[in-house]
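Working through the structure, step by step
Each chain, written out:
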Amino acid sequence: MINWMATLAVIMAFGLVMLYSASYTTGYLRMGDSLHYIKQQILCMAIGIGCMAAMSYVDHRFLRWACKPCYWIVLLMLAATLAFPPLNGCRRWIRLGGLTLQTSEVAKFEMILLTAHLASSAPQIGRFRPSLKEKVRLKDWLFIRIVRQMILPVLPLVPVLVLLIMEPHMSGILLTTAIVGTILMMSGSGGIITWAGAGTAALLLETLLTHVNSIEYLQKRLKTWSDDLEKLNPQTKQSLYAIGSGGLKGLGLGNSVEKQLWLPESTNDFIFSVVCEELGFIGATLIIVLFILFIVQGLLIAYKAENQFCTMVGIGIMAQIAWQVFCNIAVVTNTIPNTGISLPFFSSGGTSLILLLAEMGVMVNIGRNGERAAQQRAADHARREAERAAQEAERASRTINLEDARRAQNGK
């Protein structure tokens, strides 16, 4: 777990450096303060580290209990978001005084906990019929696989998606669905049925989206997803210019041209483009390798957790990081249509950073308890082996050696 935390610290430090480099021009021209964005990020990071420390001591049994009432609170928050004035045509934030809260970020965390609870609580087909001699009836198999393992864990997602559609918030819908799907697939819920459904959905995603004519801005984004530079979304076009300008080694830290108000959202959704322009292919690859290392280390922590619920929560948290990194890089490179997905620990955004660090606290808790459980299992194993060895020695001491008995008898 120490290695995982060290990787997290490196990613966070790297993120602060790149955010300052990407934001000082925008901060000065728009806010009159070149340190505006970095000061906000450092403040939110400090709050997030405090939340991380607090969450690292929250018992997983409390999280499992709290995920049920918190689900209804999250639904109320998502509904309340719709009552606030729109920003850029979308209602995604609750504003109280000078503070803003992006409720979709809270919804992601809640759905990780709730889905992990439902997936780990669902009966397994092996437990349903433990007798290997008795053949499981198809009706029973389908009921367990489809109803108990798939439909019931997915049902809580439906109201969340409906409210996100009303905002509208397509990136939130994409990420939340991907996180829930990953937890269900990794938990074995639904078995091959879940994997087949996920594969079919992935193949038909573009076809399905092109027929959603009721969401105007979604259709606009899809129409500007093209190989033709003249038809591209202006943000994506400037992003590709930035990536191409970076080359192998980049223009040097702080030397980006596109961040001079050419590239919209250079401090948030398109910060990876600035990374590519300033640090080049080498710097971009380094960041990707760091995230891969971080995710693999996190999955190993989840694998060694003390119970299935903790394992599923760890997988869900790492899935959120993995999907956000993948989608953010895919957007800036025009691999997928343009949608607002931030790069974890790099993009500016208080709610996202604080909640991500709170989730890291949950990972620390899972890792610590997993190590303690492993040590306890090792100690119990050693104790059982010692007891078995003592029993064997005692049994051996009471056993009469046949040859010795014969010699004694012949001697008499």
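Numbering of residues starts from 1 in each chain and follows the order in which that chain's sequence is written. Local features in this predicted model are restricted to residues of pLDDT 70 or higher, and side-chain atom pairs are both shown and tallied only at a pLDDT of 80 or more, whereas totals for entire chains, interfaces and linings draw on every residue. Side-chain metrics rest on all non-hydrogen atoms present in the structure, leaving aside hydrogens and water.

Concerning the overall build of the chain
Going by this rule: Secondary structure elements are defined from DSSP: runs of H or I of at least 4 residues count as helices, runs of E of at least 2 residues count as strands, and each element is numbered from the N terminus. Burial classes: relative accessible area under 20% of the type maximum marks a residue as buried, over 50% as exposed, and values in between as partly exposed (1.4 Å probe, protein chains only). Exposure was quantified through the Shrake-Rupley algorithm and a 1.4 Å probe, taking into account, for residues, occlusion by the shown protein chains and nothing else.
Helix and strand counts for the chain stand at 15 helices and 2 strands. Relative to its full complement of 412 residues, the chain shows a buried share of 46%. Accessible area of the chain: about 21,500 Å², with a carbon and sulfur share of 65%.

Some details on the pairing of strand S1 (residues 93-96)
Heads up, the rule is: At least two bridges found by DSSP between two strands is the condition for calling them paired.
Sheet topology places S1 next to strand S2 (residues 99-102); 4 bridges connect them, and they run antiparallel. Each bridged residue has a counterpart across the sheet, and for tryptophan 93 the counterpart in S2 is glutamine 102. Linking two consecutive strands that pair antiparallel, namely S1 and S2, is a turn of 2 residues; a positive phi of about 65 degrees is found at glycine 97 within it.

Comments concerning the packing of helix H4 (residues 103-121) against helix H13 (residues 308-332)
Applicable threshold: Every axis corresponds to a line fitted to the C-alpha atoms, with the helix fit spanning only the stretch in contact, and the corresponding angles, defined between N-to-C directions, vary from 0 to 180 degrees. Put simply, a crossing is left-handed when the front helix is turned counterclockwise from the back one by less than a right angle, and right-handed when it is turned clockwise. Contact criterion: two residues are considered in contact whenever any of their non-hydrogen atoms come within 4.5 Å of each other. Gly falls in the polar group here, along with every residue not listed as nonpolar (Ala, Val, Leu, Ile, Met, Phe, Trp, Tyr, Cys, Pro) or charged (Asp, Glu, Lys, Arg).
One can describe the packing of H4 onto H13 by two numbers: an axis separation of 8 Å at closest approach and a directional angle of 145 degrees. As H4 packs across H13, the resulting crossing turns out to be right-handed. Across from Glu105, Lys108, Ile112, Leu113, Ala116, His117, Ala119 and Ser120 in H4, the residues of H13 making contact are Gln308, Phe309, Met312, Val313, Gly316, Ile317, Gln320 and Gln324. For the contact of H4 with H13, the residue count by class is 8 nonpolar, 6 polar and 2 charged.

Concerning helix H11 (residues 234-246)
This is how the line gets drawn: To estimate how far a helix should extend, the number of its residues minus one is multiplied by 1.5 Å.
An ideal rise of 1.5 Å per residue puts 18 Å on 13 residues; H11 measures up with 19 Å between its terminal C-alpha atoms. As for H11, its buried residues are in contact with helix H12 (271-303) and H13. In the segment just after H11, glycine 247 is the residue with positive phi, at about 65 degrees.

Notes on the packing of helix H3 (residues 60-81) against H4
Look at H3 against H4: their axes get within 9 Å of each other, and the N-to-C directions meet at 145 degrees. As for the relative orientation of H3 and H4, their crossing is left-handed in sense. Of the residues in H4, those in contact with Arg64, Cys67, Lys68, Cys70, Tyr71, Val74, Met77, Leu78 and Thr81 of H3 are Thr103, Ser104, Val106, Ala107, Glu110, Met111, Leu113, Leu114, His117, Ser120 and Ser121. Here the residues of the contact of H3 with H4 sort into 11 nonpolar, 6 polar and 3 charged.

Points about the packing of aromatic side chains
To describe a pair of aromatic rings, you give the distance between the ring centres and the angle between the ring planes. Formally: Geometry of aromatic contacts follows a simple scheme: Phe, Tyr and Trp rings, the Trp one being its six-membered ring, pair when their centres are within 6.5 Å, and the pair is stacked under 30 degrees between planes, edge-to-face over 60, tilted otherwise. Only when the NZ atom of a Lys or the CZ atom of an Arg is both within 6 Å of the ring centre and within 35 degrees of the ring normal do we say a charge sits over the ring.
The final tally for this structure, using the stated rule, is 8 aromatic pairs. Their ring planes at 40 degrees and their centres at 5.5 Å tell us that tyrosine 20 and tyrosine 24 sit as a pair that is tilted. Of this pair, tyrosine 20 and tyrosine 24 are both found in helix H1 (residues 2-31), 4 residues apart, which corresponds to roughly one turn of the helix. Judged by its relative accessible area of 37%, tyrosine 20 is partly exposed. Residue classification places tyrosine 24 among the partly exposed residues on the basis of a relative accessible area of 25%. With a centroid separation of 6.0 Å and an interplanar angle of 45 degrees, the aromatic rings of phenylalanine 291 and phenylalanine 346 are classed as tilted. Taken together, the positions of phenylalanine 291 in helix H12 and phenylalanine 346 in the loop between H13 and helix H14 (350-398) put the pair 55 residues apart, joining distant regions of the chain. Classification of phenylalanine 346 as buried rests on a relative accessible area of 1%. Members of the aromatic cluster, each reached through a chain of ring pairs, are Trp4, Phe294 and Phe345. The ring of tyrosine 57 is capped by arginine 368, whose NZ or CZ atom sits 4.6 Å from the centre of that ring.

Digging into the pattern of salt bridges
Condition: Salt bridge, as used here, is a side-chain nitrogen of Lys or Arg placed within 4 Å of a carboxyl oxygen of Asp or Glu.
Overall, the coordinates contain 6 salt bridges when judged by the stated rule. A salt bridge links glutamate 387 to arginine 383, with the shortest nitrogen-to-oxygen separation between them at 3.3 Å. With glutamate 387 and arginine 383 both in helix H14, this residue pair falls 4 residues apart, about one helical turn. Residue arginine 383 is classed as partly exposed on the basis of its relative accessible area of 43%.

Quick word on the environment of leucine 118
With respect to the element layout, leucine 118 can be found in helix H4. Sequence spacing of leucine 118 and proline 153 is 35 residues, and the spatial spacing of their C-alpha atoms is 5.4 Å. If we skip the residues at most four places from it in the chain, leucine 118 touches Leu152, Pro153 and Pro156.

Description of the nonpolar core
Heads up, the condition is: Here, the term nonpolar core denotes a set of buried Ala, Val, Leu, Ile, Met, Phe, Trp, Tyr and Cys residues that are joined through side-chain atoms within 4.5 Å.
Formed by 88 residues in total, the largest nonpolar core has its most connected members in Ile321, Phe345 and Met360. Ranked by the residues each element gives to this core, the list is headed by H13, at 14 residues. Not counting the four nearest positions on each side in its chain, phenylalanine 345 is found in contact with Leu8, Ile11, Met12, Gly15, Phe291, Phe294, Ile321, Leu353, Leu356, Leu357 and Met360.

Concerning unusual backbone geometry
With omega at -15 degrees, the peptide bond leading from glutamate 167 into proline 168 counts as cis. Summarising the element assignment, proline 168 is placed in the loop between helix H7 (157-166) and helix H8 (170-187). Positive phi, normally seen in glycine, also occurs at leucine 261, with a value near 70 degrees. Looking at where leucine 261 falls in the secondary structure, it is placed in the loop between H11 and H12.

Quick notes on H3
Each α-helix turn comprises 3.6 residues. Residues three or four places apart therefore point the same way. Formally: The quantity called bend is, for any residue, the angle between two axes fitted respectively to the seven residues ending at it and the seven beginning at it. Pairs of N or O atoms within 3.5 Å make up the polar contacts considered here, provided that, within protein, one atom can donate a hydrogen while the other can accept it, and that residues adjacent in sequence are counted only when both atoms are side-chain atoms.
Here H3 spans 29 Å end to end across 22 residues, near enough to the 32 Å set by a 1.5 Å rise per residue. At cysteine 67, H3 is deflected by roughly 40 degrees, the largest bend along its length, and proline proline 69 occurs up to four residues later in sequence. Where H3 begins, one side-chain oxygen reaches toward the backbone nitrogen of arginine 61, 2.7 Å away; that side chain belongs to aspartate 59.

Observations regarding the confidence of the model for the chain
As a reminder of what qualifies: pLDDT: the predictor's confidence for each residue, scored from 0 to 100.
Summing up the model confidence of the chain, the mean pLDDT is 83 and the portion of residues at 70 or higher is 82%. Model confidence for the chain, summarised as mean pLDDT per element, is weakest for helix H5 (residues 125-128) at 53 and strongest for H12 at 94.

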